[in-house]
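# Chain and residue survey
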Amino acid sequence: MRPFTLPLATIICTFAAQLSSAAITLDLKDDNSIKKAASTAAYDMMVYYTGNRTGDVPGNLPDPYYWWECGAMFGSLINYWYYTGDTTYNGVVTQGMLHQAGLDYDFMPTNQSKTLGNDDQAFWGMAAMTAAETGFSDPPGQKAGWLALAQAVYNTQKPRWDNSTCGGGLRWQIFQFNTGYNYKNSISNGCYFNLAARLALYSGNQTYADEAVKVWDWMWNVNLIKHDTYYIVDGAHNTDNCTAMDGNTWTYNSGVFLLGAAAMYNYTNGDAIWKERVDKLIAAGKKFFLNGVMYEGCEPIKKCNVDQRSFKAYYTRWLAATAKLVPYTHDDIMAEFQTSAMAAVKTCTAGNTGTACGLRWTEQVNDGSLGVGEQMAVMEIIQSNLVDKVPAWRSEVAGTGTSKGDTNAGLTAGSDEQRLSLKPVTTADRVGAGIITALALVGVLGGSTVMVMSE
């Protein structure tokens with residue numbers, strides 16, 4: 001019998017149709033549909049993770065991803081479990097976070113010193129904080145609980161507050177040999193503010209709240225939070241006492257301060273000043289939506305780097321938490337979540353699975369930009385539509401907190417300089433650190449001399 005053959009064009013069209021039919025489907029009125037869609041996005045994200053393979057390092061993503069983004073990804077996976085109840089990735093998350101916590105359980109592993117910024121460390125600390133707030137099972141045995149890990153990050157960052165220039169603020173980089181040590185950026189200070197506010201809300205400890213107020217006041221006084229618009233710009237160099245600024249605005253800067261303000265609003269039982277700040281940050285964030293669909297400022301000019309492709313994930317995560325902590329914001333936030341989620345899933349038609357997601361949701365087709373950040377953002381915008389179906393965050397104040405804490409966590413490890421002395425820094429290390437960090441110092445938007453991406 002003669003073999004049955006098809007014209008090449010027919011094969012291509014058939015394959016394209018199969019990929020099209022493999023796209024993520026989403027019905028926002030059906031919880032199971034939301035969970036299934038989030039599961040698909042999570043799977044396509046985790047194909048990039050190699051830390052659970054024999055011989056690889058738990059808690060690391062391969063190139064081109066920096067160390068911080070794996071911590072950010074684990075934070076999203078904790079949220080995935082919280083929203084869907086699916087425990088598929090819980091073991092991987094626990095393994096990776098404990099491995100990267102380091103010997104002192106404060107997310108300062110010595111092998112990351114060449115790229116370790118305050119914000120990098122803080123993304124891991126915020127993931128641990130999310131684990132404590134959502135009731136993610138504490139690590140087994142006598143290891144530090146998630147709360148203690150978050151407290152350790154806070155405790156190691158507090159002494160780094162630098163009053164020598166700009167009237168205060170955290171520097172971007174922790175170690176002097178890293179390029180960017182003279183930059184005081186909004187995300188480093190925002191993460192510290194966010195963590196302090198959430199620790200105050202969880203524990204009821206006023207000391208954390210006082211620190212959050214200090215950070216906000218500094219950001220306001222130095223004008224990194226613009227008084228007329230509440231736009232939060234990227235940062236400033238201390239070499240001119242933070243006079244000239246990088247004026248780029250990013251979703252994650254707006255979001256990290258929004259959630260911190262929401263936590264302070266809740267902590268203070270609705271104090272008017274924090275209500276005003278929440279309201280104005282939400283209003284400022286409208287610039288990141290086009291016809292109700294979320295987008296990043298680098299997307300229209302197609303210049304988003306690897307880091308920036310993940311920023312919408314964190315903005316989504318923090319908006320959803322705000323909707324929970326400040327209930328009157330709920331309807332406004334959720335309306336844009338629904339529109340954004342429906343647009344986002346329309347980009348999920350690529351990759352080997354036919355369900356890998358793109359970057360530019362506003363186009364509602366896959367744009368060919370694939371990766372961890374793209375998947376993480378789509379997963380978060382899908383699963384956040386379940387925010388009404390999950391219990392409130394746990395806390396010691398409410399009597400629901402179960403994670404083991406330690407107010408002295410991170411204080412016995414010595415200073416940053418003492419830690420570094422345990423691992424001699426060679427000339428090669430210094431050169432390598434400069435090259436790695438310099439990759440993040442690239443101007444991409446008109447009028448911007450430099451754009452510092454902390455990660």
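Residues numbered from 1 in each chain as written. Predicted model: local features only at pLDDT ≥ 70, side-chain atom pairs only at ≥ 80, totals over all residues. Heavy atoms only, no water.

### Examining the state of the cysteines
- Per the stated rule, a full pass over the model turns up three disulfides.
- The disulfide that involves C298 links it to C304, with 2.0 Å between the sulfurs. Residues C298 and C304 are joined through a disulfide that is right-handed, its torsion about the S-S bond being 100°. In this pair, the class of C298 matches that of C304, namely buried.
- Between the sulfur atoms of C348 and its disulfide partner C357 the distance amounts to 2.0 Å. Since a negative S-S torsion denotes a left-handed disulfide, the C348-C357 link at about 100° is right-handed. Here C348 and C357 have matching classes, each one buried. (Disulfide = S-S within 2.5 Å. Buried < 20%, exposed > 50% of the residue type's maximum accessible area, 1.4 Å probe, protein only.)

### Points about the nonpolar core
- M73, F74, M97, F123 and Y314 are the most contacted members of the largest nonpolar core, which totals 136 residues.
- When neighbours within four sequence positions are excluded, M97 is seen to be in contact with F74, I78, F107, W124, A127, A128 and W146. (Core = buried A, V, L, I, M, F, W, Y, C linked by side-chain atoms within 4.5 Å. Contact = heavy atoms within 4.5 Å.)

### Digging into unusual backbone geometry
- With omega at 15°, the peptide bond leading from D63 into P64 counts as cis.
- Relative to the elements of secondary structure, P64 occurs in the loop between α2 (31-46) and α3 (67-84).
- Phi at N241 is positive, roughly 60°, even though this residue is not glycine. (Helix = DSSP H or I, 4+ residues; strand = E, 2+ residues; numbered from the N terminus.)

### Focus on the sheet that holds strand β3 (residues 245-249)
- The strand order β1-β2-β3 describes an open sheet built from three strands, whose pairing is antiparallel. Across the chains shown, the open sheet's two edge strands, defined by having one partner strand only, are β1 (183-185) and β3. Across the sheet, the mean angle separating the axes of adjacent strands is 20° when strand polarity is ignored.
- Where β1 lies against strand β2 (residues 233-237), three bridges are found, and the strand directions are antiparallel. Considered in β2, the bridge of K184 is made with A236. (Pairing = 2+ DSSP bridges. Axes fitted to C-alpha atoms, helices over the stretch in contact; angles between N-to-C directions.)

### As for the side chain of R198
- Note that R198 resides in helix α7 (residues 186-203).
- Reaching out from R198, the side chain makes a polar contact with the side chain of E133 at a distance of 2.7 Å.
- Excluding residues within four positions of it along the chain, R198 makes contact with M126, M129, T130, E133, L259, A263, W318 and W393. (Polar contact = N/O pair within 3.5 Å; in protein donor to acceptor, adjacent residues only side chain to side chain.)

### A short note on the packing of helix α12 (residues 330-345) against helix α13 (residues 372-383)
- At a minimum axis separation of 9 Å, α12 and α13 run at an interaxial angle of 135°. Judged by the angle between their axes, α12 and α13 are oblique. For the pair α12 and α13, the crossing hand works out as left-handed. Facing F337, S340, A341, A344 and V345 of α12, the residues of α13 in contact are V378, I381 and I382. (Parallel < 35°, antiparallel > 145°, perpendicular 65-115°, else oblique. Left-handed = near helix turned anticlockwise from the far one by under 90°.)

### Describing the packing of α3 against helix α5 (residues 118-134)
- Running from amino to carboxyl end, α3 crosses α5 at an angle of 15°, the nearest separation of the two axes being 7 Å. As judged from the angle between their axes, α3 and α5 are roughly parallel. Along this stretch, α3 crosses α5, giving a crossing that reads as left-handed. Along its contact with α3, which presents W67, W68, C70, G71, A72, F74, G75, I78, N79, W81 and Y82, the element α5 presents D120, Q121, F123, W124, A127, T130, A131 and T134.
- In the contact of α3 with α5, the residues fall into twelve nonpolar, six polar and one charged. (Nonpolar A, V, L, I, M, F, W, Y, C, P; charged D, E, K, R; others polar.)

### Topic: the environment of V92
- Its place among the elements puts V92 in helix α4 (residues 90-100).
- Sequence-distant contacts of V92, defined by excluding residues within four places in its chain, comprise M46, Y49, N52 and F74.

### Here's the deal with the pattern of salt bridges
- One pass over the full model with this rule turns up 13 salt bridges.
- Here K286 and D332 are joined by a salt bridge, their closest N and O atoms 2.8 Å apart. Here the residue K286 occupies a position in the loop between α10 (272-284) and β4 (289-290), and D332 occupies one in helix α12, the gap between them amounting to 46 residues.
- The partly exposed category is assigned to D332, whose relative accessible area is 36%.
- Salt-bridge contacts for R360 lead to E363; the nearest nitrogen and oxygen are separated by 3.0 Å.
- Of the residues examined, E363 reaches a relative accessible area of 38% and is grouped as partly exposed. (Salt bridge = Lys/Arg side-chain N within 4 Å of Asp/Glu carboxyl O.)

### A look at empty space enclosed by the protein
- Counting across every chain of the model gives five cavities of 30 Å³ or more.
- For the largest cavity, the calculated volume is near 120 Å³.
- Along the wall of the largest cavity there are 13 residues; nearest its centre are N79, Y83, R317, A321 and W393.
- Secondary-structure elements contributing two or more residues to the lining of the largest cavity are α3 and α11 (311-325).
- In terms of residue count, the dominant contributor to the lining of the largest cavity is α11 (five residues).
- Among the residues forming the lining of the largest cavity, the class breakdown is eight nonpolar, two polar and three charged. (1 Å grid on protein atoms, 1.4 Å probe; cavity = no way out; pocket = protein on both sides within 12 Å on 5 of 7 lines; lining within 4 Å. Points joined across faces, edges and corners; volume = space filled by probe spheres on them.)

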